[in-house]
Amino acid sequence: MSQKIFIDACFGRPTPYTPVWMMRQAGRYLPQYQEVRQKAGNFLNLCHNPELAAEVTLQPVEIVGVDAAILFSDILVVPNEMGMKLDFVKGEGPVFAEPIRSREDLEALIGGEEAADKLTYVYDTIRLVRERLADDKALIGFAGAPWTLATYMIEGQGTKTYTLCKKMMYTDPELLHAILRKVTDVVKLYLEKQIQSGVDAVQIFDSWAAAIEPSKYDEFSWKYMVEIAEYLKEKYSHIPVILFPKGIAAFVERGWVYGNFDVFGVDWGTPMALAKEKLGERYVLQGNMEPCRLYSKEATRECVSALAELMKEGRHIFNLGHGILPDVPVENAKYFVSLCKELSRRSGESVPEES
């Protein structure tokens, strides 16, 4: 047994209640985050400042009462340190001025250990958080899935159509696979270095999984995520690996999920009952409340109650089905966390006072 309830839950061990955390829990809905963000000057400065990044990593544990902290950073620091100039443009979001459109563009980027070694500010943030985080709270590290990172690297910014990367998928799949291979090799080492710096678990986010048709998803995304997980589990079996692909209910329904990892993150568009039926015996399930339910305490209770009832005989971690939205009232986030603990409490166990 671990001292950390979240880690026990990741491995399917008995816990006094079902642990809970939220994706994007260190973010704009917290006034305390806004204060630190203003101090940093801009988003990238905050990511690059270990002292400030550690502060916002710890905020939701202290303020909202979640059972795990997730490292404050951004998935795009990886391509940034591979050599792609990254800017966050007001009204547009992240922008790469020179996206990858050819093999020559790809070959100009650094990879492997050289790129992973440049992310020292991330590893320094982890060490600071590790020093300050309560012993019973877990620290989750993370990275973007190779496909999600590649979409930004090829399109140059966020997209609703994925036209350029999907055009490459069908007209020059060898180049797309070369991009995915180079990114995969960096992400493996990046997450390994996060583990060596002190994280207790890692999560791989495939936020744009739904952009790929189900029959192509394994080839262009899932197999790379599984490869990263296998690499980490072979070397660090005591570290839980969580895979979160958003929007792949069809992939789940067809039974195409496989791999050596511990926790499957269920997005809000995938019914938890379906995930439990198809995956519940092989993986711990995490999720999957629709984030917009947090605007209403009544809607939150309805969903948490249903999840608690459905998963009382299953292995589960409470979370949202994607990230918390920036205008959610803090009081409602606290209510969600407290309710998850209250409704999943095992007989004879007490919920910690902080909840």
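Our structure is the block above this text.
All values reported here derive from a predicted model rather than from experimental measurement.

Draft legend 1. Structural context of the side chain of Ser73. Its place among the elements puts Ser73 in the loop between β1 (68–70) and α5 (77–82). With near-sequence residues (within four places) excluded, Ser73 lies in contact with Phe43, Cys47, Val122, Phe142 and Tyr190.

Draft legend 2. Geometry of the sheet that holds strand β9 (residues 316–317). If you walk across this open sheet you meet the seven strands as β1-β4-β5-β6-β7-β8-β9, and the pairing is parallel. Lying at the two open borders of the sheet, with one neighbouring strand each, are β1 and β9. Sheet topology note: the β1/strand β4 (residues 138–144) ladder contains three bridges and is parallel. Across the sheet, Ala68 pairs through a bridge with Ala138, a residue of β4.

Draft legend 3. Spatial organisation of the layout of surface pockets. Of the pockets and cavities examined, the largest pocket occupies roughly 1200 Å³. Around the largest pocket, the lining is made up of 35 residues, and of these Arg24, Arg28, Phe43, Asp74 and Phe88 lie nearest the centre. Looking at the lining of the largest pocket, the elements with two or more residues in it are α2 (31–40), β2 (86–89), β3 (93–96) and α9 (146–155). Split by residue class, the lining of the largest pocket holds 20 nonpolar, nine polar and six charged. Space inside the second largest pocket adds up to approximately 250 Å³. Lining of the second largest pocket is provided by 18 residues; of these, Thr15, Thr18, Gly314, His316 and Arg346 occupy positions nearest its centre.

Draft legend 4. The pattern of salt bridges, seen in detail. Across all of its chains, the model carries 19 salt bridges by this definition. Linked through salt bridges whose partners overlap, the residues forming this network are Arg181, Asp185, Lys188 and Glu227.

Draft legend 5. Structural view of unusual backbone geometry. The omega angle of the peptide bond from Gly287 to Asn288 is -5°, so this bond is cis rather than trans. Examined against the element boundaries, Asn288 turns out to sit in the loop between β8 (284–287) and α15 (297–310). A positive phi angle, close to 55°, is found at Tyr162, a residue other than glycine. Of note, Tyr162 is situated in the loop between α9 and α10 (163–171). Classification of Tyr162 by relative accessible area gives buried; the value is 10%.

Draft legend 6. Local environment of the packing of α9 against helix α11 (residues 173–197). In contact at an axis separation of 9 Å, α9 and α11 are set at 120° when each is read in the N-to-C sense. Relative to α11, the element α9 lies oblique. The interaxial crossing formed by α9 with α11 has right-handed handedness. Residues Pro146, Trp147, Leu149, Ala150, Met153 and Ile154 of α9 pack against Leu176, Ile179, Leu180, Val183, Thr184 and Val187 of α11. Here the contact of α9 with α11 is composed, by residue class, of 11 nonpolar, one polar and no charged.

Draft legend 7. Molecular detail of the state of the cysteines. Summed over all chains, the structure comprises zero disulfides. Residue Cys292 stays outside any disulfide, its sulfur separated by 12 Å from that of Cys303, the closest cysteine. Here Cys292 falls in the partly exposed class, since its relative accessible area comes to 39%.

Draft legend 8. Here's a closer look at the packing of aromatic side chains. For the structure shown, the criterion picks out 15 aromatic pairs. Between Phe251 and Trp256, the aromatic rings sit 5.6 Å apart at their centres with planes inclined by 75°, giving edge-to-face as the arrangement. Relative accessible area serves as the criterion here: at 34%, Trp256 is assigned to the partly exposed category. Clustering of aromatic rings is evident, with ring pairs tying together Tyr217, Trp222, Phe251, Trp256, Phe261, Phe264 and Tyr283.

Draft legend 9. Focus on helix α8 (residues 120–132). The end-to-end C-alpha distance of α8, which contains 13 residues, comes to 19 Å, matching closely the 18 Å that a straight helix rising 1.5 Å per residue would cover. Turning to α8, its buried residues number three or more, namely Tyr121, Val122, Tyr123, Thr125, Ile126, Leu128 and Val129. Of the surrounding elements, those touching the buried residues of α8 are α3 (43–48), α4 (50–63), α5, α7 (112–116), β4 and α11.

Draft legend 10. Main features of the pairing of β8. Side chains Val284 and Gln286 project from β8 onto one buried face, and the interleaved Leu285 and Gly287 project onto a second face that is buried too. Where strand β7 (residues 263–266) and β8 come together, four bridges link them in parallel fashion. Among the inter-strand pairings, Val266 is bridged to a residue of β8, identified as Gly287. At this point the chain moves from β7, through helix α14 (residues 272–279), to the parallel β8, and the crossover so formed is right-handed. Here β8 pairs with β9 via two bridges, running parallel. Bridge pairing in β9 links Gln286 to Ile317. Taken together, β8, α15 and β9 constitute a β-α-β crossover, and its handedness is right-handed.

Cut-offs used in this document
- Residues numbered from 1 in each chain as written.
- Predicted model: local features only at pLDDT ≥ 70, side-chain atom pairs only at ≥ 80, totals over all residues.
- Heavy atoms only, no water.
- Helix = DSSP H or I, 4+ residues; strand = E, 2+ residues; numbered from the N terminus.
- Contact = heavy atoms within 4.5 Å.
- Pairing = 2+ DSSP bridges.
- 1 Å grid on protein atoms, 1.4 Å probe; cavity = no way out; pocket = protein on both sides within 12 Å on 5 of 7 lines; lining within 4 Å.
- Points joined across faces, edges and corners; volume = space filled by probe spheres on them.
- Nonpolar A, V, L, I, M, F, W, Y, C, P; charged D, E, K, R; others polar.
- Salt bridge = Lys/Arg side-chain N within 4 Å of Asp/Glu carboxyl O.
- Buried < 20%, exposed > 50% of the residue type's maximum accessible area, 1.4 Å probe, protein only.
- Axes fitted to C-alpha atoms, helices over the stretch in contact; angles between N-to-C directions.
- Parallel < 35°, antiparallel > 145°, perpendicular 65-115°, else oblique.
- Left-handed = near helix turned anticlockwise from the far one by under 90°.
- Disulfide = S-S within 2.5 Å.
- Phe/Tyr/Trp six-rings, centres within 6.5 Å; stacked < 30°, edge-to-face > 60°.
- Expected span 1.5 Å × (residues − 1).
- Right-handed = clockwise from strand over helix to strand, strands pointing away.

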